[in-house]
Amino acid sequence: MMKLYYSQFTRGHRPRWVLEELGIPYELLRLDLRKGEHKSPEYLKVHPLGVVPALEDSNGVLLESGAICLYLADKYADKKLAPAPGTHDRGEYYQWCMFSLATLEPPIVTLAQHTRFLPEAERQPALAERARQQLEPALRVLDQELGGREFIVGESFSVADVLVSATLSFANMFGALAGFPGLQSYMQRHLARPAAQRAYAD
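What comes next is a walk through the structure. Model, not experiment: these values are computed from the prediction.

1. Focus: the overall build of the chain
In terms of regular secondary structure, the chain is built from eight helices and four strands. What you see in the chain, going N to C, is helices and strands ordered as β-α-β-α-β-β-α-α-α-α-α-α. Here the C-alpha atoms of the chain give a radius of gyration of 17 Å, agreeing with the 17 Å that 2.2 N^0.38 yields for 202 residues. Taken along the three principal axes of its C-alpha coordinates, the chain extends 45 × 45 × 30 Å. Within the chain, counting contacts between residues at least 6 apart in sequence, those at least 24 apart form 63% of the total. Accessible surface for the chain amounts to roughly 10400 Å². Of this, 53% is attributable to carbon and sulfur atoms. Computed over 22 positive and 24 negative side-chain charges, the separation of the two mean positions in the chain equals 3 Å.

2. Here we look at the sheet that holds strand 1 (residues 2-6)
One open sheet holds the four strands; their spatial order is 2-1-3-4, and the pairing between them is mixed. Strands at the two margins of the open sheet, each flanked by one partner only, are strand 2 (26-30) and strand 4 (60-63). For this sheet, the mean angle separating the axes of adjacent strands, direction not counted, is 20°. The pairing of strand 1 with strand 3 (residues 54-57) spans three bridges and is antiparallel. In the strand pairing of strand 3, Leu 4 is matched with Leu 55. Strands strand 1, strand 2 and strand 3 of the sheet are contacted by helix 1 (residues 13-22), whose axis makes an angle of about 145° with strand 1. Of the strands in this sheet, strand 1, strand 3 and strand 4 touch helix 3 (residues 65-75), which is tilted by about 35° from strand 3.

3. Details of helix 5 (residues 125-146)
Over its 22 residues, helix 5 runs 31 Å from end to end, which matches the ideal 32 Å to within 8%, given 1.5 Å per residue. Of all the residues in helix 5, the buried ones are Ala 128, Ala 131, Leu 135, Ala 138, Leu 139, Leu 142 and Leu 146. Where helix 5 is buried, its residues contact helix 4 (88-117), helix 6 (159-172) and helix 7 (181-191). After helix 5 finishes, the residue Gly 147 shows a positive phi value of roughly 50°.

4. Here we look at unusual backbone geometry
Cis peptide bonds are those with omega within 30 degrees of zero, and the linkage from Val 52 to Pro 53 qualifies with 10°. By the element assignment, Pro 53 lies in the loop between helix 2 (41-46) and strand 3. With a phi angle near 65°, Phe 9 is a residue other than glycine that sits in the positive phi range. Take Phe 9: it is sitting in the loop between strand 1 and helix 1. Phi at Lys 80 is positive, roughly 60°, even though this residue is not glycine. A relative accessible area of 61% means that Lys 80 is categorised as exposed.

5. Quick word on the nonpolar core
Residues Tyr 93, Leu 104, Leu 139, Leu 142, Val 159 and Leu 168 are the most contacted members of the largest nonpolar core, which totals 54 residues. Of all the secondary structure elements, the ones that give two or more residues to this core are strand 1, helix 1, helix 3, helix 4, helix 5, helix 6, helix 7 and helix 8 (194-200). Here this core gets eight residues from one element, more than from any other, and that element is helix 4. In this view, Tyr 93 contacts Leu 70, Ala 73, Leu 81, Ala 82, Pro 83, Val 153, Ser 158, Val 159 and Ala 160; residues no more than four positions away in its chain are not counted. Counting residues in hydrophobic clusters, the runner-up holds six residues, among them Leu 31, Tyr 43, Val 46 and Ala 54.

6. Notes on the side chain of Glu 105
In this fold, Glu 105 is placed in helix 4. Owing to a relative accessible area of 8%, Glu 105 belongs among the buried residues under this scheme. Beyond its immediate sequence surroundings of up to four residues, Glu 105 is in contact with Arg 11, Arg 14, Ser 100 and Thr 167.

Definitions and cut-offs
- Residues numbered from 1 in each chain as written.
- Predicted model: local features only at pLDDT ≥ 70, side-chain atom pairs only at ≥ 80, totals over all residues.
- Heavy atoms only, no water.
- Helix = DSSP H or I, 4+ residues; strand = E, 2+ residues; numbered from the N terminus.
- Rg over C-alpha atoms; globule rule 2.2 N^0.38 Å.
- Contact = heavy atoms within 4.5 Å.
- Areas by Shrake-Rupley, 256 points an atom, 1.4 Å probe, with all protein chains shown as cover.
- Lys, Arg positive; Asp, Glu negative; His and termini not counted.
- Charge placed at Lys NZ, Arg CZ, Asp CG, Glu CD.
- Pairing = 2+ DSSP bridges.
- Axes fitted to C-alpha atoms, helices over the stretch in contact; angles between N-to-C directions.
- Expected span 1.5 Å × (residues − 1).
- Buried < 20%, exposed > 50% of the residue type's maximum accessible area, 1.4 Å probe, protein only.
- Core = buried A, V, L, I, M, F, W, Y, C linked by side-chain atoms within 4.5 Å.

Take a look at the structure:
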């Protein structure tokens, strides 16, 4: 049985969501970050950086939430959480998965750090504002691409929707989606899926 090392309010909810969509059995191994369980010698053997998530299966350990999600979609290809290899939709699927992780997420992280997560004395409003300025055009591109459609790629739900919706949810925590009702609707629709509800429950 697969094991997902997980803690709430981390990127661990992404692969957990995918596992729930797949409907396969897995063991959820919760780590209490406040107690430093992610820095224990035992867990550092799993993830040398001591962060979550990590996925362990019969083939070994995988790190990085996005990579885990892509791996799961391919491992259980019959569940159709990814377009067929070699198709243009598959290329767009990779594109939007990477867009969520490499284009959307970095400015959101900076915004989060300098508005909430860092001690107040260490926050730099100028960096937060710069992050907002970087994020807004990326959100506009995504909004235009969706154009009110239900899915980011093709006509069915995929891991790209998981990654984009989860990243938008993070942005929404800091008011970044206030001017994008279409993105809010897209995000809320996918977060309402039963698998997402289970993944975010606790």
